[in-house]
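A closer look at the structure
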Amino acid sequence: MLANVSALPPVVERWFAGRGWQPRRHQLEMLDAAHDGEHALLVAATGAGKTLAGFLPTIVDLIENPAEGLHTLYISPLKALAVDVQRNLLTPIEEMGVDIRVETRTGDTPSDRKARQRVRPPQILLTTPESLSLLLRYPDSALLFENLQNVVIDEIHAFARNKRGDLLALSLSRLQALSPKVRRVGLSATVADPDAYRSWLAPDADMDVVRLVAGDPGVEPDLDILIPENRIPWAGHSGYHAARDVMLLIEQHRTTLIFCNTRGLAELTFQKLWSVNDRSLPIGIHHGSLAVEARRKIEAAMAQGKVRALVATASLDLGIDWGDIDLVIQMGAPKGSSRLLQRIGRANHRLDAPSKGMIVPGNRFEYLEARAALDAIGDGELDPESFRPGTLDVLAQHVLGVACAGPFDEAELLAEIRSAAPYAGLNDEAFRDILNFVATGGYALKAYDRFRRIVEEAPGRWRLAKPDFAVQHRMNAGVIVEQPLMDVRFKGGRKLGTVEEGFASVLEPGDRIFFAGLSLEVLSFKETDIFVQASKKSARIVTYGGQRMSMSTHLANRVRAMLADRNDWHRFPDDVSEWLEVQSERSLLPEPHWLLVETFPHEGRHYMVAYSFEGWNAHQSLGMLLTKRMETAGLKPLGFVANDYGLAVYGLEPVTDPQSLFSPDILEHEFTEWLERSHLLKNAFRDVAVIGGLVERQHPGKRKTGRQVSFSTDLIYDVLRRYEPDHLLLRAAWDDARTRMTELGRLVRLVDRAASTMVHVNVDRITPMAVPLMVIIGREAAPEGTADEALLLEAEALAEAAMRID
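Residues numbered from 1 in each chain as written. Predicted model: local features only at pLDDT ≥ 70, side-chain atom pairs only at ≥ 80, totals over all residues. Heavy atoms only, no water.

A few words on the overall build of the protein chain. Check the secondary structure of the protein chain and you find 30 helices and 29 strands. Over its C-alpha trace the protein chain gives a radius of gyration of 27 Å, about what one expects of a compact globule, namely 28 Å for 806 residues. Dimensions of the protein chain, computed from C-alpha atoms along their principal axes, come out at roughly 85 × 70 × 55 Å. When the 806 residues of the protein chain are sorted by exposure, 59% land in the buried category. Residue pairs in contact within the protein chain that sit at least 24 positions apart in sequence constitute 73% of those at least 6 positions apart. Accessible surface computed for the protein chain: about 32,400 Å², of which carbon and sulfur atoms make up 50%. Counting 92 positive and 109 negative side-chain charges, the protein chain places the averaged centre of each group 6 Å from the other. (Helix = DSSP H or I, 4+ residues; strand = E, 2+ residues; numbered from the N terminus. Rg over C-alpha atoms; globule rule 2.2 N^0.38 Å. Buried < 20%, exposed > 50% of the residue type's maximum accessible area, 1.4 Å probe, protein only. Contact = heavy atoms within 4.5 Å. Areas by Shrake-Rupley, 256 points an atom, 1.4 Å probe, with all protein chains shown as cover. Lys, Arg positive; Asp, Glu negative; His and termini not counted. Charge placed at Lys NZ, Arg CZ, Asp CG, Glu CD.)

In C-alpha cells form, the structure reads like this:
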C-alpha cells in the first residue's frame, strides 16, 4: 500500500506544510519501497525533488528509530555535488529540529576528519565512489558498515557504464557482504533504458528485485537555437560569432549558465564574453582544472546570486541546485540529447517551471545537430546506453583492496564479485589470472618482490604480503587517471589550477596563456610548478588532451534523415537551406543509409571526402588507416582532417577507387598494426598499469611526476610485450585502446556501410558540404577556437567556389 502524508512523522508533515508543499507521489512511493525493504530506482525530471526522495526514508527512519552509527551512504559522481547536497540537506534537517548528523567525505576532506569519521561516523555520509572504495580497504570497515541501512546513488547514469561504475559495483557487493540487509537506491533524470540500470543496481543483476519509481513529467523545456542575423558560419565551433548576442542574453536574465564541451573552449568563451561585457557584469568560469579553492569560491558566489553568468564545462553537468539560474546556453554542438537535457535542467530547477535553454551552433553542420537534438528532446528520445563487462584493471585493484581490509577466502570473494552486474560473467580462469597478477605481477615480473602483494597462507585463503602494501595501495587507489599535470601558481605561491605536462612542455618564460579567466605571463618553472603573473596582453588558450566528445549515434541518424528530407528544410535559416540546395545540384545529398564519398581536385592536390557522421574519434582512427593504405597504394597522401560529420583525406594523386580503400580487412590488418605502433596502446597501458596497481603515482612524502610514471610504465610495457604478450594488463590495455579510445563499434559500422552502400561522386571542384572540412586543413593542430576569425575568412573564399553553379 502506498504511503501517504498521514504516514509521515508529524515533524516532517509540519515541515512540508510550512513550505506550502505536499510530498510528491514519487517521494511517497520511494518511502513505500523503503518500508517494504525494496531496492529502488527513481527516474524523475530535474527539479522533481529526487534528492529529497532519496533521503526521505532515512530521515523518517532516524526520527522514528533514533540510532548512532552509519545509517545511509550517499554516493555522488562529483565532490562539488556532495558538498552542495550537504548544504541543501542540512536546511530541512535543521528546520525540522531533528538530531541527524550529515557529513561529506571526499578527496578534499581533511585527514583528521577522515580518521574521526571511521571511529564516530555520522548517520548520513556523503561521498564518491573512490572514497567509498578506500573506506572499505581498512580492517575496521566491517565494524563501520555492519549496521548500514541504505546506499543512495545519485546521477547513476553518470558512472554506471564506465570504470567508476565498475569500482562502485564492486564496492556495493562488498557492502552487501558486510551488511546483507543494505538497501540500494538509484536516482537519475536522464535514463533511456531503466531496466538496464535496474539490473546494474541489483544484487546478482536481478532487476526484478529493484522497484522502478517513475516521477511525473515536468513542463516541456523552452529551447531554441541562437542565429545572429539569421546567418550560420561556414566553419568554426566556438560560437565566437555570437559573443555579443550571448552577452545581450546575459543582460536580459538573472543568472545564465553557459556550457562548453571542453576546458579550452570554456576559457576562450570567457575571454570573448569579457571583451564585449560593456556593462562589466560579474561573470565567472568553472572547470575541473581550476584549483578547488577557486571552484568553491565561484560556486558560493553563484549560490548567493552574486554572479550574472558562469562559463562551465561538464564539471557542472550534474545536480548542483542554484535556483536563480533562468537561462542555460550551450556553446557549440550539444553532442547528445540526454546531455543537453541534463544541462538545460539546471535552469529553473523546478518541476512546474520550464527550463529555458539556447544552443549556439558554431557552423552549419552544428546547426543541423542542434536541430536534431531539439527534435529528439521534443520526441522524448534520449541517447541509447550500452553496458559492457567490467574491466580487469579495476578488478585487480579491488582484490588488493579487499586484502588490505583482511584475509579473504578465494571462493567467497569470487561469488561476491560475481554478484556485481559488470562481473556477473567472470569465469574461473579470469579470476585466477587476477589473483596471480596481484600475487606475483605475472610471469615476467614474478622475480620482483614489490609485485608480490598477496600470498596464499592456506589453500584458497589469501592475505596481504606486507602491511606496507596497504599504505601504498590506499595512497594510489582510484580509477581516474589524469594526464600528468603541473600546477599553475602566482609567484607568491597561490595555486590557480593545473595544466597538462604535454602543454606545459611547449611553454617558455615570457609566453602568455589564458587560464582561470586571466591572461597570465609565464615567469619560471620549478619541478611540477609553473609560476606566472597577471598580464594585460593577449594570450593563447590552454589545451588539454583526452578523448573528444563525439556526436551520439542517434543524433547522427537524425541529421542524416534531415539532409535527405527536403520537406524539413523550411525550418532552417536561409543560408543553411541554400547550402543544401546547391550541394544537391553540384553533387548529392547522402541518403540515411549511404556512405557518400566525393573526390575532387583543389589547388594542385586531390581530395577524398567521406560523409559518414560517425563522430570525430572514429574518423580520426579511420583517417590514420586510410592514409597508411593510400601510401601503400602509391597515392602519395599528405594528410587528413576530421570532424563529427566527415573525413577529408588529401594527397598528390587522385583517388579513383575509394571502395578498395574502405575494404573491411582494413580493421584486421592496418588497424592492428597501426595500434601496436602508435602511442595509443602505450598510453592505454599506462592507465591500466596505474589502476591495476602495477605502477604507483605516490610514495609516502613524495609524488611521482608524470614523466616518472610514464618512464616506469614504458619500461614494464616493453618487458611484457617481449616476454609475456598475453599479460592481463596488456589485454586490458588492448580493450581500452580498441573501444574507449577509437570508438571501434562506430568504425566497424562505417566500414560495413562502405562495403555495401558507398556512393562515389567525382566532381571538378570543392562542393558545399566539403567546405567545413576543407577549411580546417592546416589548422587542425591549432588550439580550439583561436583560429576562428581566420577560419571564417578562409571559409568564405572556399564557399565562393563551392556555391557557384555553372
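Next comes the rest of the account.
Our focus in this paragraph is the sheet that holds strand β22 (residues 540-541). In spatial order, the strands read β18-β17-β21-β20-β19-β22; together these six strands make up an open sheet with mixed pairing. Only two strands of the sheet have a single partner each, and these edge strands are β18 (495-500) and β22. The pairing of strand β19 (residues 512-515) with β22 spans two bridges and is classified as parallel. Each residue of the ladder has a partner; that of Ile-513, found in β22, is Arg-540. (Pairing = 2+ DSSP bridges.)

Our focus in this paragraph is the pattern of salt bridges. A full pass over the atoms with the stated rule returns 46 salt bridges. The shortest N-O distance in the salt bridge between Arg-254 and Asp-326 comes to 3.8 Å. In this pair, Arg-254 sits in the loop between α10 (243-252) and β9 (255-259) while Asp-326 sits in strand β12 (residues 325-331), placing the two residues 72 residues apart along the sequence. A residue is classified by how much of its surface remains accessible, and Arg-254, at 48% relative accessible area, is partly exposed. (Salt bridge = Lys/Arg side-chain N within 4 Å of Asp/Glu carboxyl O.)

Within strand β23 (residues 595-602), seven of the eight residues are buried, which leaves the element mostly enclosed by the surrounding structure. The pairing of β23 with strand β29 (residues 758-762) spans five bridges and is classified as parallel. The residue of β29 that forms the bridge with Leu-596 is Val-759. Note that β23 and strand β24 (residues 605-611) share seven bridges and pair antiparallel. Looking at β24, one finds that His-602 is bridged to Arg-605. Connecting β23 to the next strand, β24, in antiparallel fashion are two residues, including Glu-603 with a positive phi near 50 degrees.

So, on to α10. Inspection of α10 places Ala-243, Val-246, Met-247, Leu-249 and Ile-250 among the buried residues, and these make up the whole buried set. For α10, the angular spread of buried residues about the axis comes to 155 degrees, placing them on one side. Looking at α10, the residues exposed on the side facing more than 90 degrees away from the buried face are Arg-244 and Gln-252. Its buried side turned inward, α10 meets β9, α11 (263-275), β11 (309-312), β12 and β13 (356-360). (Arc of directions from axis to C-beta.)

In this model, the protein chain carries a mean pLDDT of 87, and residues with pLDDT of at least 70 account for 91%. Here residues 780-787 is modelled with pLDDT under 50, and outside its nearest four sequence neighbours on either side it reaches 17 contacts, counting other chains as well. (pLDDT = per-residue confidence, 0-100.)

Further remarks concern the sheet that holds strand β16 (residues 461-464). With respect to topology, three strands assemble into an open sheet ordered β14-β16-β15, the strand pairing being antiparallel. At either margin of the open sheet sits one strand with a lone partner, and together these are β14 (408-409) and β15 (454-458). Judged from the four bridges that link them, β15 and β16 form a sheet pairing that is antiparallel. What sits directly across from Ile-454, in β16, is Leu-464.

Here we come to the packing of helix α1 (residues 10-18) against helix α3 (residues 50-64). Between α1 and α3, whose axes approach to 10 Å, the crossing angle comes to 140 degrees. By the angle between their directions, the pair α1 and α3 is classed as oblique. Where α1 abuts α3, its residues Val-11, Val-12, Trp-15 and Phe-16 lie against Leu-52, Leu-56 and Ile-63. Here the residues of the contact of α1 with α3 sort into seven nonpolar, no polar and no charged. (Axes fitted to C-alpha atoms, helices over the stretch in contact; angles between N-to-C directions. Parallel < 35°, antiparallel > 145°, perpendicular 65-115°, else oblique. Nonpolar A, V, L, I, M, F, W, Y, C, P; charged D, E, K, R; others polar.)

Leu-73, Phe-145, Ile-153, Val-399, Ile-454, Phe-662 and Phe-685 are the most contacted members of the largest nonpolar core, which has 109 residues in total. Considering each element in turn, this core owes the most residues, nine residues, to helix α15 (residues 392-405). The residues contacting Phe-662, other than those within four sequence positions of it, are Leu-595, Met-608, Ala-610, Leu-622, Leu-626, Arg-629, Leu-750, Val-751, Ala-754 and Met-758. Counting residues in hydrophobic clusters, the runner-up holds 66 residues, among them Ala-235, Ile-344, Ala-556 and Phe-613. (Core = buried A, V, L, I, M, F, W, Y, C linked by side-chain atoms within 4.5 Å.)

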